[in-house]
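Residue-level structural notes
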Amino acid sequence: MRNDFSVPDAASRKNDVQMVKNWIEAASKLGAPLIRVFSGRALPQGHTAEQVLEWMVPDFKECAAYGERHGVILGLQQHNDFLKTADETIRLIDAVNSEWFGAILDVGSLRQTDPYREIEKLVPYAVSWQIKEEVWYGTKATPIDLPRVKAIIDKSGYRGFVPFEALGGGDPRVKVAQFLEKCEKISRFD
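All chains use their own residue numbering, which begins from 1 and follows the written sequence. Two thresholds apply to this predicted model, a pLDDT of at least 70 for residue-level local features and 80 or more for giving and counting side-chain atom pairs, whereas whole-chain, interface and lining totals are computed over all residues. Side-chain measures were taken over the full set of non-hydrogen atoms in the model, leaving aside hydrogen atoms and water.

For two strands to be treated as a pair, DSSP must find no fewer than two bridges joining them. Each helix corresponds to a stretch of at least 4 residues labelled H or I by DSSP, and each strand to a stretch of at least 2 residues labelled E; elements are numbered beginning at the N terminus. An order of E1-E2-E3-E4-E7 is seen for the five strands of this open sheet, with the pairing classed as parallel. In the strand order of this sheet, the two ends are held by strand E1 (34-37) and strand E7 (164-165), each with one partner. Here four bridges tie E1 to strand E2 (residues 73-77), and the two strands are oriented parallel to one another. Pairing of Val-37 across the sheet is with Leu-76, part of E2.

Printed below as a string of structure tokens:
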């Protein structure tokens, strides 16, 4: 789903809270233990991050409590939108303060500083991942250092699934097979 809890309009956020709850119920019926959610598309003009967090945190608390009742974890994917850094993401997760709310660690969306240091900060909060073919240093894409990411994961003790996503042009069957082969060369990501 593509919820947006960064919008100033309370009615829009309420609709998105209900959408998240609907997907929690669907996930529960399907036996899915986790759904992906987002913070929002951007910091709204004329507002501060503090103001946005004042309305965002209660919305996520409500959704996390609903997820707990249905046995579904909310995975917040920082997406280089409202949340751009590990610290911003951690701040929101800590404010929601629920075992049913964690990070989907998107390695390709940590673009403000060294992405590997950002990954290391976020890994204790990871409930799932988005391993991508590239990491970013500002506006410069660089092929991911899979052994380095694997070492970070191993060091953290993370024991869940580590999904990957192949982006960009080309035949997805070829791209996915090639990226999977790279992952398998360093070790199984499961």
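On we go.
Turning our eyes to something else, we now look at the pattern of salt bridges. For this document, the term salt bridge refers to a Lys or Arg side-chain nitrogen within 4 Å of an Asp or Glu carboxyl oxygen. Counted according to the given criterion, the structure contains 14 salt bridges. One salt bridge in this structure joins Arg-117 and Asp-114, with 3.4 Å as the shortest N-O distance. With a 1.4 Å probe rolled over the protein chains alone, any residue whose accessible area is under 20% of its type maximum counts as buried; one over 50% counts as exposed, and the rest are partly exposed. Relative accessible area serves as the criterion here: at 53%, Arg-117 is assigned to the exposed category. The shortest N-O distance in the salt bridge between Glu-133 and Lys-175 comes to 3.8 Å. Here Glu-133 is found in the loop between strand E4 (126-132) and strand E5 (134-137), whereas its partner Lys-175 is found in helix H6 (residues 172-186), with 42 residues between them in sequence. Taking the relative accessible area as the measure of exposure, Glu-133 reaches 22% and is therefore partly exposed. Among the ionic contacts, a cluster of salt bridges with common partners joins Asp-87, Glu-118 and Lys-121.

So, on to helix H5 (residues 146-156). Those residues of H5 lying buried are Leu-146, Val-149, Lys-150, Ile-152 and Ile-153. Across the axial projection of H5, the buried residues extend over an arc of 160 degrees, all falling on one side. Where H5 is buried, its residues touch helix H4 (115-122), E4 and H6. Immediately downstream of H5, the backbone of Gly-157 shows phi near 85 degrees, a positive value. Here, the arc refers to the directions that run from the helix axis to the C-beta atoms. Pairs of residues are marked as contacts when any of their non-hydrogen atoms sit within 4.5 Å.

On to the environment of Ile-152, then. Turning to its location among the elements, Ile-152 is positioned in helix H5. The exposure class assigned to Ile-152 is buried, which follows from its relative accessible area of 6%. Considering only alpha carbons, one finds Ile-152 and Arg-117, 35 residues apart in sequence, at a separation of 9.6 Å. For Ile-152, the contacting residues outside a window of four places in its chain are Tyr-116, Ile-119, Glu-120 and Val-123.

Before going further, it helps to examine helix H3 (residues 86-96). For H3, the set of buried residues is Ala-86, Thr-89, Ile-90, Leu-92, Ile-93 and Val-96. Along the long axis of H3, the arc covered by the buried residues comes to 160 degrees, so they all point the same way. Of the surrounding elements, those touching the buried residues of H3 are helix H2 (49-70), E2, strand E3 (101-106) and H4. The first or second residue beyond H3 is Asn-97, which carries a positive phi of 55 degrees.

Turning next to the environment of Pro-163. Examined against the element boundaries, Pro-163 turns out to sit in the loop between H5 and E7. Between the C-alpha atoms of Pro-163 and Pro-147, which are 16 residues apart in sequence, the distance is 15 Å.

Our next topic: unusual backbone geometry. Residue Asn-80 is not a glycine yet carries a positive backbone phi of 55 degrees. Mapped onto the fold, Asn-80 is located in the loop between E2 and H3. A residue is classified by how much of its surface remains accessible, and Asn-80, at 22% relative accessible area, is partly exposed. Within the chain, Asn-97 stands out as a residue other than glycine whose phi angle is a positive 55 degrees. Tracing the backbone shows Asn-97 in the loop between H3 and E3. Look at Asn-97 and you get exposed, because its relative accessible area is 64%.

Turning our attention to the side chain of Gln-78. Looking at where Gln-78 falls in the secondary structure, it is placed in the loop between E2 and H3. Polar contacts here mean pairs of N or O atoms no more than 3.5 Å apart (in protein, one a potential hydrogen donor and the other a potential acceptor; neighbouring residues in sequence count only if both atoms are side-chain atoms). A polar side-chain atom of Gln-78 sits 2.6 Å from the main-chain carbonyl oxygen of Asp-106. Ignoring sequence-local partners within four residues, the contact set of Gln-78 consists of Leu-83, Thr-89, Ile-104, Leu-105, Asp-106, Ser-109, Leu-110 and Leu-122.

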